[in-house]
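So you can see what is in the structure, the chains are spelled out below.
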Amino acid sequence: MRVLVFSDIHANLTALEAVLADAGPVDAHWFLGDLVGYGPDPNECVARVRSLPNLVAVLGNHDAAVLEKMPLNWFNREASNLIRWTQERLTPENFAFLQQLPEAHVQGEVLLVHGSPRAPVTEYILTSEIADEALARTEANFCFVGHTHSPARWQEEDGGVRFCPPVNGEPLPLKPRAILNPGSVGQPRDGDPRAAYALYDTEAQTWTWRRVPYDIGAVQQRMRALGLSPTNVLRLAVGR
Ligand code: ZN
């Protein structure tokens, strides 16, 4: 089975469409949270993801904030403004879709969460120590996470956990146990502004990171027209 693994769309429909087109036909879509926040297209993105076949999706922290499952003071001013802006615009159908998202989902030998097994919606896996503690909280062979907006792999071996830098475009043979992050579709923060995602082949047991360029200017134009934060407009072009 060929699975599209993607995360952190953040209401950026142009990036999402570029990823779906680049991935080509897949057997399933596994989404790791944060459909909304930052970008100009919350309703369009939720509707598009809802319509994808064989979808599995989990709740992100921005989604949780829109649902008022998380306090707004957890976010910086720009992010919390965007959350309020999104609350005012989401249709009841799209709101209901976010409402039914679980915090964690087990699919075969994979645990899907936005943050980490320890704190599924909020924890950032940014160091080997945190990755080690995270893996101790799950028996799954693989844990797919988003939230940091940076592609990453944390591999368990020789009694420890080590960070392995991601390489784009080449199928990586997976070995248990590992934490994998596909990066962010709509708000990359690893210095590469292209949309990020991954393909997971369940039979071959491989994972492939991919980057795809999209029309960033068009998204920035929509953000400006809506009066969204200039900082968020600018950061799209630099991927930070
Ligand atoms: Zn995010």
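Engineer: An account of the overall build of the chain is needed here, citing residue identities and associated values.
Structural biologist: Counting its regular elements, the chain contains eight helices and 12 strands. Scaling as 2.2 N^0.38, a compact globule of 240 residues should have a C-alpha radius of gyration of about 18 Å, and the chain matches this with 17 Å. Buried residues in the chain amount to 55% of all 240 residues. Excluding contacts between residues fewer than 6 apart, the proportion of contacts in the chain whose partners are at least 24 apart in sequence is 73%. Within the structure as shown, the chain displays about 9,900 Å² of accessible surface, and the carbon and sulfur contribution to it stands at 51%. Each charge class in the chain was averaged separately, 21 positive and 28 negative side chains, and the resulting centres sit 5 Å apart.

Engineer: Mind laying out the packing of helix H7 (residues 216-225) against helix H8 (residues 230-238), listing which residues take part and the relevant values?
Structural biologist: Where H7 meets H8, the closest approach of the two axes is 9 Å, and the angle between their N-to-C directions is 175°. When the interaxial angle is binned, H7 and H8 end up roughly antiparallel. Between H7 and H8, the residues in contact are Ile-216, Val-219, Gln-220, Met-223 and Arg-224 and Asn-232, Val-233, Leu-234, Leu-236 and Ala-237, respectively. When its residues are assigned to classes, the contact of H7 with H8 shows seven nonpolar, two polar and one charged.

Engineer: An account of a nonpolar patch on the surface is requested, with residue identities and associated values reported.
Structural biologist: Among the surface-exposed residues, Trp-74, Tyr-124 and Leu-126 lie close enough to one another that they form a single nonpolar patch of about 310 Å² accessible area. Topologically, Leu-126 is positioned in the loop between strand S5 (110-113) and helix H6 (128-136). Residue class for Leu-126 comes out exposed when judged on its relative accessible area of 54%.

Engineer: Outline the coordination of the zinc ion, supporting the account with residue identities and numerical values.
Structural biologist: Every protein donor of the zinc ion is listed here as Asp-8 (OD), His-10 (NE2), Asp-34 (OD) and His-149 (NE2), and their distances to the metal cover 2.1 to 2.3 Å. Given four donor atoms and angles of 83 to 176° at the metal, the environment of the zinc ion is assigned as irregular. When the donor residues of the zinc ion are listed from N- to C-terminus, their spacing reads D-x1-H-x23-D-x114-H. Remark: Asp-34 occurs in the loop between strand S2 (28-31) and helix H2 (42-50) and His-10 occurs in the loop between strand S1 (2-6) and helix H1 (13-23); sequence separation between them is 24 residues. For the pair His-10 and Asp-34, one class covers both residues: buried.

Engineer: Could you give me a rundown of empty space enclosed by the protein, with the residues and numbers involved?
Structural biologist: Summed over all chains, the structure comprises one cavity of 30 Å³ or more. Looking at the largest cavity, its volume works out to about 30 Å³. Lining of the largest cavity is provided by His-10, Asn-12, Tyr-38, Gly-39, Pro-40, Gly-186, Gln-187, Val-219, Met-223 and Leu-236. When the residues that make up the lining of the largest cavity are grouped by side-chain class, the tally is five nonpolar, five polar and no charged.

Engineer: Break down the side chain of Ser-80 for me, citing the residues and quoting the values.
Structural biologist: Topologically, Ser-80 is positioned in helix H4 (residues 77-89). On the basis of relative accessibility, which here comes to 8%, the residue Ser-80 falls in the buried class. With residues up to four places along the chain from it excluded, the contact list for Ser-80 reads Leu-72 and Phe-75.

Engineer: Talk me through the sheet that holds S2; I want residue IDs and the actual numbers.
Structural biologist: Note on sheets: strands pair through backbone hydrogen bonds, and any given pair is parallel or antiparallel. The sheet built from six strands is open, its strands ordered S3-S2-S1-S11-S12-S9 with mixed pairing. Because the sheet does not close on itself, it has two edges, and the strands there are strand S3 (55-57) and strand S9 (172-173). Sheet topology note: the strand S11 (residues 195-201)/strand S12 (residues 206-212) ladder contains seven bridges and is antiparallel. Directly across from Ala-198, in S12, lies its bridge partner Trp-209.

Engineer: Please set out the packing of aromatic side chains residue by residue, giving values where relevant.
Structural biologist: This structure, assessed with the given rule, holds eight aromatic pairs. Plain terms: the ring middles of Phe-144 and Trp-207 are 4.8 Å apart, the flat faces sit at 65° to each other, and that makes the pair edge-to-face. Pair noted here: Phe-144 is in strand S6 (residues 142-144) and Trp-207 is in strand S12, with a separation of 63 residues, a long-range link. Using a relative accessible area of 0% as the deciding quantity, one classes Phe-144 as buried. Put simply, the rings of Trp-30, Phe-144, Tyr-200, Trp-207 and Trp-209 touch in pairs and so form one group of aromatic residues. Above the plane of the ring of Tyr-38 lies Arg-235, whose end atom (NZ or CZ) is 5.9 Å from the centre.

Engineer: Tell me about H6, and name the residues and values.
Structural biologist: Restricting attention to buried positions, one finds in H6 the residues Ala-131, Ala-134 and Leu-135. The buried residues of H6 all sit within an arc of 95° when viewed along its axis, so they share a single face. The exposed set on the far side of H6, more than 90 degrees from its buried face, consists of Glu-129 and Ala-136. Against strand S7 (152-157), strand S8 (160-164) and strand S10 (178-181) lie the buried residues of H6.

Cut-offs used in this document
- Every chain's residues receive numbers from 1 upward, in the order its sequence appears when written.
- Per-residue local features of the predicted model are confined to residues with pLDDT of at least 70, and side-chain atom pairs are confined, for both listing and counting, to 80 or more; whole-chain, interface and lining totals are unaffected and use all residues.
- In computing side-chain properties, one takes all heavy atoms of the structure into account and sets aside hydrogens as well as water.
- Each helix corresponds to a stretch of at least 4 residues labelled H or I by DSSP, and each strand to a stretch of at least 2 residues labelled E; elements are numbered beginning at the N terminus.
- The size measure is the radius of gyration over C-alpha atoms, and the globule rule it meets is 2.2 Å times the number of residues to the 0.38 power.
- Here's how the labels work: a residue is buried when its accessible area is under 20% of the maximum for its type, exposed when over 50%, partly exposed in between, all with a 1.4 Å probe on protein chains only.
- The contact definition used throughout considers only heavy atoms, calling two residues in contact when any of these lie within 4.5 Å.
- Working definition of accessibility: Shrake-Rupley area with a 1.4 Å probe, residue cover restricted to the visible protein chains.
- The charged-residue count follows a simple rule in which Lys and Arg add positive charge and Asp and Glu add negative charge, with His and chain termini not counted at all.
- Note on charges: their place is set at NZ of Lys, CZ of Arg, CG of Asp or CD of Glu.
- Axes here refer to lines fitted to C-alpha atoms; in helices the fit is confined to the stretch in contact. Angles between the N-to-C directions go from 0 to 180 degrees.
- Any angle between 65 and 115 degrees counts as roughly perpendicular, while under 35 counts as roughly parallel, over 145 as roughly antiparallel, and the rest as oblique.
- Three classes are used, and their members are as follows: Ala, Val, Leu, Ile, Met, Phe, Trp, Tyr, Cys and Pro are nonpolar, Asp, Glu, Lys and Arg are charged, and the others, Gly among them, are polar.
- Two distance rules govern patches: like charges are joined within 9 Å, and nonpolar side chains (Val, Leu, Ile, Met, Phe, Trp, Tyr) within 5 Å, applied only to residues with over 30% relative accessible area and no salt bridge.
- A side-chain nitrogen of Lys or Arg and a carboxyl oxygen of Asp or Glu constitute a salt bridge if their distance falls within 4 Å.
- Listed donors are limited to N, O and S atoms within 2.8 Å of the metal, widened to 3.2 Å for Na, K and Ca; water is not among them, so incomplete-looking sites are possible.
- When four donors show all angles between 85 and 135 degrees the site is tetrahedral, when four or six donors have opposite pairs over 155 degrees and all other angles between 65 and 115 it is square planar or octahedral respectively, and in every other case it is irregular.
- Residues are called lining when one of their atoms sits within 4 Å of a cavity or pocket point, these points coming from a 1 Å grid over the protein atoms alone, where a cavity is a set in which a 1.4 Å probe fits but cannot get out and a pocket is an open set with protein on both sides within 12 Å along at least five of seven lines.
- Grid points are joined across faces, edges and corners, and a volume is the space filled by probe spheres set on the points.
- Two strands pair if DSSP finds at least two bridges between them.
- Only Phe, Tyr and Trp rings are paired, with Trp represented by its six-membered ring, and only when their centres lie within 6.5 Å; those with planes under 30 degrees apart are stacked, over 60 edge-to-face, the remainder tilted.
- Counted as over-ring charges are cases with an Arg CZ or a Lys NZ within 6 Å of the ring centre that also lie within 35 degrees of the ring normal.
- What the arc describes is the spread of directions from the helix axis to the C-beta atoms.

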